[in-house]
Amino acid sequence: MSKVLLSSFQRTGGGSLQLFGGTNLKSNAQPNRFRKVSCCASKPAEVLEKREKEKQQPYQGILHVQAGDRIEELDHRETSLLVKEVKGWLMKLASGKWEISPSTYDTAWVARIPSDSDSSLPEFPEALEWIINSQLPDGSWGDDCHLQLYDRVFSTLSCLVTLNLWDIGHNSIAQGTKFLRENMIKLNHADGDFLSGFEVTFPMMLHEAKRVGLKLPYDTEFTRLLEISTTEKLAKISLDRLHSTPTTLLYSLEGLQGLEIDWQKILKLQSKDGSFFSSPSSTACVYLKTKDKKSLQYLQKAMKNQNYAVSCHYPIDLFESLRVVDTIERLGIDLFFRDEIKAVLDYLYSFWTNEGIGWESTCIVNDIEDTAMAFRILRMHGYSVSPDAFNQFWLPGDKFCCFVGELPHGVSAMLHLYRASQVDFPNEEILTKTFKYSHDYLLNVESSHTSATKKNLMGEVTFELENPLHDCLPRIYNNAYIKHYSIDDPWIAKTIYRLPHVNNKVLLELANRYAQQCQSYQRSELKILVEWWHSSHFEDIPSTRFKSNVNMLPYIYYVICSTYHEQNFGQLRIFFTKTCCMNTLFDDLLDSAKSITELDHLQNMIERWDTSFLSQKEYKIIFQEFYNTILVMTEMASKINQNLSPEFIHKYLLAIGTELIKSGIIDARWKLQGYIPGFEEYMENAEVSIGIATHLLMGILFCGDHLTEELLNIIYDSKLLKLGSIISRICNDIQTYKIEMKLGQSAHGVSCYMKDHPGETEEDALAYLQSLLEKTKKQLNEIYFTEKDLPKNIKRFNFDIARMMMFTYNKAKQDLFRNPNKELQNMIEFCLKA
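Residues numbered from 1 in each chain as written. Predicted model: local features only at pLDDT ≥ 70, side-chain atom pairs only at ≥ 80, totals over all residues. Heavy atoms only, no water.

A.B. asks: An account of the layout of surface pockets is requested, with residue identities and associated values reported.
C.D. replies: Empty space among the atoms can be located by rolling a probe the size of a water molecule over them. Of the pockets and cavities examined, the second largest pocket occupies roughly 1,400 Å³. Contributing to the lining of the second largest pocket are 42 residues, with Glu329, Asp334, Met380, His381 and Tyr784 lying nearest its centre. Mapped by element, the contributors of at least two residues to the lining of the second largest pocket are helix 13 (317-330), helix 14 (338-349), helix 15 (368-380), helix 19 (474-484), helix 32 (762-786) and helix 33 (792-808). Counting contributing residues per domain, the lining of the second largest pocket is built from domain 1 (77-98 + 315-510) and domain 3 (537-832), each supplying no fewer than three. (1 Å grid on protein atoms, 1.4 Å probe; cavity = no way out; pocket = protein on both sides within 12 Å on 5 of 7 lines; lining within 4 Å. Points joined across faces, edges and corners; volume = space filled by probe spheres on them. Helix = DSSP H or I, 4+ residues; strand = E, 2+ residues; numbered from the N terminus. Domains from an automatic or database assignment.)

A.B. asks: Hey, could you go over empty space enclosed by the protein for me, with residue numbers and the actual values?
C.D. replies: Tallying each qualifying case throughout the model produces eight cavities of 30 Å³ or more. In terms of lining residues, the largest cavity is bounded by 40 residues, among which Arg545, Asp587, Ile690, Asn732 and Tyr809 are the most central. Those elements that place two or more of their residues in the lining of the largest cavity are helix 21 (544-548), helix 22 (552-561), helix 23 (570-591), helix 26 (646-673), helix 27 (679-689), helix 28 (692-699), helix 30 (719-742) and helix 33. Among the elements that take part in the lining of the largest cavity, helix 23 stands out by supplying eight residues, more than any other. Across the lining of the largest cavity, the residue classes tally to 18 nonpolar, eleven polar and eleven charged. Roughly 120 Å³ of volume is contained in the second largest cavity. As for the second largest cavity, its lining consists of Thr579, Met582, Asn583, Phe586, Ile622, Phe623, Phe626, Leu660, Ile661, Thr694, His695 and Met698. Listed by contribution, the elements that provide at least two residues to the lining of the second largest cavity are helix 23, helix 25 (617-640), helix 26 and helix 28. Considering each element in turn, the lining of the second largest cavity owes the most residues, four residues, to helix 23. (Nonpolar A, V, L, I, M, F, W, Y, C, P; charged D, E, K, R; others polar.)

A.B. asks: Now, about the packing of helix 25 against helix 26: what can you tell me, with residues and values included?
C.D. replies: Between helix 25 and helix 26, the shortest axis-to-axis distance is 9 Å and the interhelical angle comes to 145°. As for the relative orientation of helix 25 and helix 26, their crossing is right-handed in sense. Every residue of helix 26 that contacts helix 25 at Phe623, Phe626, Tyr627, Ile630, Leu631, Met633, Thr634, Ala637 and Ser638 is listed here: Pro646, Ile649, His650, Leu653, Leu654, Gly657 and Ile661. Of the residues belonging to the contact of helix 25 with helix 26, the class tally is twelve nonpolar, four polar and no charged. (Axes fitted to C-alpha atoms, helices over the stretch in contact; angles between N-to-C directions. Left-handed = near helix turned anticlockwise from the far one by under 90°. Contact = heavy atoms within 4.5 Å.)

A.B. asks: Before we move on, can you summarise the nonpolar core with the specific residues and values?
C.D. replies: One finds Phe202, Phe623, Ile700 and Phe797 to be the most contacted residues of the largest nonpolar core, which totals 258 residues. No other element matches the twelve residues that helix 20 (residues 505-535) contributes to this core. Once residues within four sequence positions are removed from consideration, Phe202 is found in contact with Val153, Phe154, Leu157, Leu187, Phe222 and Leu226. (Core = buried A, V, L, I, M, F, W, Y, C linked by side-chain atoms within 4.5 Å. Buried < 20%, exposed > 50% of the residue type's maximum accessible area, 1.4 Å probe, protein only.)

A.B. asks: Could you give an account of the packing of aromatic side chains, with specific residues and numbers?
C.D. replies: For any pair of aromatic rings, geometry is given as the distance between the ring centres together with the angle between the planes. Under the criterion given, the structure shown has 48 aromatic pairs. Consider the rings of Tyr150 and Phe198, whose centres lie 5.2 Å apart with planes at 45°: the pair is tilted. Of the two residues, Tyr150 sits in helix 5 (residues 149-166) while Phe198 sits in helix 7 (residues 198-211), which places them 48 residues apart along the sequence. Grouping residues by exposure puts Tyr150 and Phe198 together as buried. Connected via pairs of aromatic rings, a cluster forms that spans Tyr105, Tyr150, Phe154, Phe194, Phe198, Phe202 and Phe222. The lysine or arginine in question, Arg796, covers the ring of Tyr564, its NZ or CZ lying 4.1 Å from the ring centre. (Phe/Tyr/Trp six-rings, centres within 6.5 Å; stacked < 30°, edge-to-face > 60°. Lys NZ or Arg CZ within 6 Å of the ring centre and 35° of its normal.)

A.B. asks: Before we move on, could you go through the side chain of Ser321 and cite the residues and values that matter?
C.D. replies: In this fold, Ser321 is placed in helix 13. Once residues within four sequence positions are removed from consideration, Ser321 is found in contact with Leu93, Val344 and Leu348.

A.B. asks: Help me get a handle on the packing of helix 2 (residues 76-94) against helix 14, residues and values and all.
C.D. replies: Relative orientation of the contacting elements helix 2 and helix 14 amounts to 20°, with a least axis distance of 8 Å. Comparing their axes, helix 14 and helix 2 come out roughly parallel. For the element pair helix 2 and helix 14, the recorded crossing hand is left-handed. Between helix 2 and helix 14, the residues in contact are Lys87, Leu90, Met91, Leu93 and Ala94 and Glu340, Ile341, Ala343, Val344 and Tyr347, respectively. Within the contact of helix 2 with helix 14, the residues separate by chemical class into eight nonpolar, no polar and two charged. (Parallel < 35°, antiparallel > 145°, perpendicular 65-115°, else oblique.)

Here it is in structure tokens:
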């Protein structure tokens, strides 16, 4: 950095740097010798009295922090126990183990199988016992916490057929029959989502119930309408395709027994583990037709591993692993489990292919929802995955399907596809298609759409559409998801089932505890910042933004603590907020500069760091506090980065600050002169004057990564830093250029583009800036998710500081920095108030 940054210093004789008021910093000075420069000039009595009142009640709103408020200590021992429990789950997932609720429907199918040695006896008598013991008080079988009538009737039919076949459990049969007689007539096509394959499996279950002599109301309006749609569906099935190509029909083979199936040909589509699409019921049906030993071995293993009550999917390792990791990250508690998550993702990645991924490790039919989830999560964690996996799901007519060659998909699948499309790199056309299709689909889903299982699905959709990845900050997303997260949501497949590690009160408790922990130290830090603000006399600086919006300081603090929220980054949050506040004040001062002479004085001051060149009290206040802050930052950073000398750190920070101030002076000169540069000349200065590079280069001293002078030079010249600066400037220009024009600022992205392209309109310029923004976001994604040389925290800071700017200057929300809306004020209060 000394080559790049320190060249901006003007040295005086004796190898020292000229400071405020002629104070010199010797080249061998140590942190404890850095002298804090005092603020100037006493105030008239009425001003002091006014300030004293302000200190008693510093600001309105969330800045009114009561002195002496006590923050309750969290029970860290209890939190540690919760963390330990979740770590246990994750390590099981990383070894290919999972947990899912049992399915009475599937267990009843497997329980039909006779013993290989004596066909008069069941192969799995324990399953029959489990079925009898699992009957619910109302006589039905199915999920005991979620009454979905399709599931209850369907599961009950399966159990009754099996008990009748073995002629046992007569009392259970009587109770179950009574339930069906009372409830089959209540079935309605408008009751919500069908179960997977219901249209073919349910009619076949009715046929089998008749065959074993169950007296039930078979002829209802529901069954008549279903029979019509089932007949139409079965007529469309190509037996040649069924016999030769793996499709989702393999999941419901027991429902296709009425077709002229060649079961020996079906065996050629068997998965490596012996199953058919990981379905115990479908595999049991094939075994009963073929006596295939591999099918039986699969069922024996499933029964043994699941205590003789199989699930509707076996295995379901990839599906559950993806959703556990996704849930933990969306709840914002992944910081507790980074090593364990890495182990789970290594396991997942071992099964990733160029055709994507399915819900289990031996699956021969991949689906778009699991592929989208795996693609996004793996890419965001630095794994090499290709979006070409989505090509197979793209159909003629510009549509996506859930499974290859099959059109239907649901809201949940499109939500995950939409999220995946936002981690795109340059020239990935398929992800451009996925974004447009999924975005348009979700945008047009009826707001009244409901899911039979996920209570807050549409709330999630609405939030995701309003807060894309780049326009939302991590803790904002986490806090919103905590509100949408349900520990009671069931899942829907062939039957209703539960994933206890995905929907779990332990995760919610941990998420709420961590949110409270964040609030506790954030509130303490905010008190420090409020006191600093007043002690620095910033009320005397005529800042248009701070005067019009008293919550500017908490907004700046909020965006950094919504990103770098971990407790050990307190110094980063405080110094980031301070430097951003001072940059904003200085920018507003330059906006009101009256003459070139005034700017020349500023230029002389910054060359020598001597405030005697300045006549305005406001400039002296801001520059003295800026220098004092650098002294404190130097002392703190020296303790963290012991490879860097205090002298080097001090020069480094001053050089970065000097570069920002000089760029602001250039902007002010252009304004006073009415000069409009070309776009390239404008961006060269504007990428610096936006201030993002400055705040990042200062902040990385407090990121906790191992730093050297060589690494600091690499970061300074990195493409990642440049891309973040470009994004920040473009976002700012798109949202604020009209305000800047009213304030007399002639040079901005729109005007400079129009200068280079005579005859083009403001709309043309905005379209260009928007296209440049989208292109740069993709480049930022690529470097952030693939760069291996830069330290992870510094990469993260670079990526998220760009997100802060996109959040602040969001196209939909407009300029939140200048005008935080009510929704944002509520979010700030939620995060910063204990």
